[in-house]
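Each chain, written out:
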Amino acid sequence: MTRAQAIADGLGQVRERIAAAECAAGRAPGSVRLLAVSKKMTADDVRAALAAGQHMFGENYAQELRDKRAALAQDSTLPTLPEWHYIGPLQSNKVKYVAGQVALAHTVDSSALLEAIEARGAPQACLVQVNVAGEAQKRGIAPADLPALLDRFATMSYVTCAGLMVIPPFTENPDDARPHFAALRALRDREAATARPHVELRELSMGMSGDLEAAIAEGATIVRVGTAIFGGRPPRTAAV
Ligand SMILES: Cc1ncc(COP(=O)(O)O)c(C=O)c1O
């Protein structure tokens, strides 16, 4: 089997899982969008996924996004250009590679980052990453600080908030992730009751290869899936 066939097969299996989970949760077919996590994958891997009908791609490293985006933008043979999303930790000095360049920035977690994105002067839709489990090492705003961060969007001209994102604690058992997905959904429901300028909490970005069914059962609108489509990622190198 070629690499392109393996990617097309992986995509097919993930699409089937999503459709089955939508059905099991009584949700409309197509209500969950698949974000293919192409971190550490090559531009050719993205081409293969595009050829198999995948449209949305997520990157975790700002420079890798910049390079892959540029390589594919110059390729006139593509059926369509990818819709890029940024899902990695974002430092203010890397914002220039992301702001105004992606359909959604999933990992906004501070007012400083919000201001850095706003300062680029280009329209940018964002999700707020919430650290629902209160993990010390993990990025994401504490649930208690979420209302104040959402309030900040009112003062922005370019940046809007389209929803919330979570990365639950790593666990072998996908059922363990479900309460964290439920917690993000409850936060969304609570905050959606408050009308705020430039904030419309329609997206819940949650669920990965191992736990997408649990996330869909709790209302995910975007699942971020890497390994189940592309296979294992090469180890991270010091240069990235
Ligand atoms: C934020 C985020 N979401 C989703 C994924 C995809 O995870 P998986 O390969 O388990 O599907 C990754 C992978 O690194 C990630 O960093």
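Along each chain, numbering runs from 1 in the same order as the chain's sequence is written. Only residues with pLDDT of at least 70 are given local features in this predicted model, and only at 80 or more are side-chain atom pairs given and counted; all residues enter the totals for whole chains, interfaces and linings. Values shown for side chains rest on all heavy atoms present in the structure; no hydrogens or waters enter the calculation.

Novice: How should the overall build of the chain be read in this particular structure?
Specialist: Looking only at helices and strands, the chain features 8 helices and 8 strands. Since a compact globule built from 240 residues should have a radius of gyration of about 18 Å, the 17 Å found for the chain is in line with a globular shape. Projected onto the principal axes, the alpha-carbon positions of the chain cover approximately 50 × 40 × 35 Å. The rule is simple: take the accessible area with a 1.4 Å probe, protein chains only, and divide by the maximum for that residue type; under 20% is buried, over 50% is exposed, in between is partly exposed. Looking at the 240 residues of the chain, the share that counts as buried comes to 48%. Once local pairs closer than 6 in sequence are excluded, the contacts in the chain between residues at least 24 apart make up 62%. For the chain, the accessible area works out to roughly 10,800 Å², and carbon and sulfur atoms hold 53% of it. The charged-residue count follows a simple rule in which Lys and Arg add positive charge and Asp and Glu add negative charge, with His and chain termini not counted at all. For charged residues, the charge sits on one atom: NZ in Lys, CZ in Arg, CG in Asp, CD in Glu. Mean positive and mean negative side-chain charge positions of the chain (26 and 26 charges, respectively) differ by 4 Å. Helix and strand definitions follow DSSP, with helices as H or I runs of at least four residues and strands as E runs of at least two, each counted in order from the N terminus. To get the radius of gyration, use the C-alpha atoms; to get the globule rule, take the number of residues to the power 0.38 and multiply by 2.2 Å. Contact criterion: two residues are considered in contact whenever any of their non-hydrogen atoms come within 4.5 Å of each other. Note that accessible areas follow from Shrake-Rupley with a 1.4 Å probe, and for residues the cover is restricted to the protein chains shown.

Novice: Before we go on, may I ask you to explain the nonpolar core in this structure?
Specialist: Generally speaking, soluble globular proteins have nonpolar side chains that are buried together. Buried residues of nine kinds, namely Ala, Val, Leu, Ile, Met, Phe, Trp, Tyr and Cys, make up a nonpolar core once their side-chain atoms join them within 4.5 Å. Judged by nonpolar contacts, the single largest core of 64 residues is most densely connected at Val98, Ile117, Val128, Val130, Leu164, Val223 and Ile229. By size, the runner-up hydrophobic cluster in this structure holds 10 residues, among which are Leu35, Ile87, Met165 and Ile222.

Novice: Whenever I open this one, the side chain of Asp75 confuses me. Can you help?
Specialist: Position of Asp75 among the secondary structure elements: in the loop between helix H3 (62-73) and strand S3 (83-86). The class for Asp75 is buried, based on a relative accessible area of 15%. Here a polar contact is taken to be a pair of N or O atoms separated by no more than 3.5 Å, where protein atoms must pair a possible hydrogen donor with a possible acceptor and residues adjacent in sequence count only if both atoms sit in side chains. Only 2.7 Å separates the side chain of Asp75 from the side chain of Arg47, close enough to count as a polar contact.

Novice: Whenever I open this one, the packing of helix H1 (residues 3-24) against helix H2 (residues 43-51) confuses me. Can you help?
Specialist: Helix packing geometry: the angle between the two helix axes and the distance between the axes. Every angle, taken between N-to-C directions, lies between 0 and 180 degrees, and every axis is a line fitted to C-alpha atoms, over only the stretch in contact when it is a helix. Closest axis-to-axis distance for the H1/H2 pair is 9 Å, and the angle between their directions is 55°. It follows that H1 is oblique to H2 by the angle criterion. As for how H1 packs across H2, the hand of that crossing is right-handed. Contacts between H1 and H2 involve Arg3, Ala4, Ile7 and Leu11 on the former and, on the latter, Asp45, Ala48 and Ala49. To sort the angles, those under 35 degrees are grouped as roughly parallel, those over 145 as roughly antiparallel, those from 65 to 115 as roughly perpendicular, and the leftovers as oblique. What makes a crossing left-handed is the near helix being turned counterclockwise from the far one by less than a right angle; a clockwise turn instead makes it right-handed.

Novice: Where do I start with the pattern of salt bridges in this structure?
Specialist: When the charged atoms of two side chains with opposite charge come close together, those side chains can pair. The term salt bridge refers to a side-chain nitrogen of Lys or Arg lying within 4 Å of a carboxyl oxygen of Asp or Glu. Taken as a whole, this structure holds 17 salt bridges when the rule is applied. The closest approach of N and O atoms between Arg47 and Asp75, which form a salt bridge, is 2.7 Å. On the criterion of sequence distance, the pair formed by Arg47 in helix H2 and Asp75 in the loop between H3 and S3 is long-range, its members being 28 residues apart. The closest approach of N and O atoms between Asp67 and Arg66, which form a salt bridge, is 3.0 Å. Residue Asp67 is classed as partly exposed on the basis of its relative accessible area, which comes to 44%.

Novice: Whenever I open this one, the site of the ligand confuses me. Can you help?
Specialist: Taken together, the neighbourhood of the ligand is formed by Val37, Lys39, Asn60, Ile87, Ile167, Met208, Ser209, Arg224, Val225, Gly226, Thr227 and Arg233. Between the ligand and Ser209 there is a distance of 2.5 Å, counted from an oxygen atom to a side-chain nitrogen or oxygen. Separating a nitrogen atom of the ligand from a side-chain N or O atom of Arg224 is a distance of 2.9 Å. Taken by itself the ligand offers 400 Å² of open surface, and the protein chains cover 87% of this. The pocket occupied by the ligand, as judged from atoms lying within 2 Å of grid points, is the largest pocket. If a single non-hydrogen atom of a residue is within 4 Å of a molecule or strand, that residue counts as near it. Buriedness of a pocket was judged along seven lines, with at least five required to meet protein on both sides within 12 Å; pockets are open sets of points on a 1 Å grid over the protein atoms alone, cavities are sets where a 1.4 Å probe fits but cannot get out, and lining residues have an atom within 4 Å of a point. A cavity or pocket is said to hold a molecule if more than half of that molecule's atoms lie within 2 Å of its grid points.

Novice: When you look at the layout of surface pockets in this model, what are you seeing that I'm missing?
Specialist: Where empty space is left becomes clear once a probe the size of a water molecule has been rolled over the atoms. By volume, the largest pocket amounts to about 380 Å³. Around the largest pocket, the lining is made up of 21 residues, and of these Lys39, Asn60, Ile87, Ile167 and Met208 lie nearest the centre. For this scheme, ten residues count as nonpolar: Ala, Val, Leu, Ile, Met, Phe, Trp, Tyr, Cys and Pro. Four count as charged, namely Asp, Glu, Lys and Arg, and the remainder, Gly too, count as polar. When grouped by side-chain class, the residues that make up the lining of the largest pocket number 7 nonpolar, 8 polar and 6 charged. If you go around the second largest pocket, you meet 14 residues; those closest to its centre are Pro169, Phe170, Thr171, Met208 and Asp211. In the lining of the second largest pocket, the residues fall into 7 nonpolar, 4 polar and 3 charged. Grid points are joined across faces, edges and corners, and a volume is the space filled by probe spheres set on the points.

Novice: I tried to follow H2 on my own but got confused; where do I start?
Specialist: Where H2 is concerned, the buried positions are Ala43, Asp45, Val46, Ala48, Ala49 and Leu50. Tucked inside the fold, the buried residues of H2 contact H1, strand S2 (56-59), H3, S3 and helix H8 (227-230). Taken from the residues just after H2, Gly53 is the one with a positive phi, measuring 95°.

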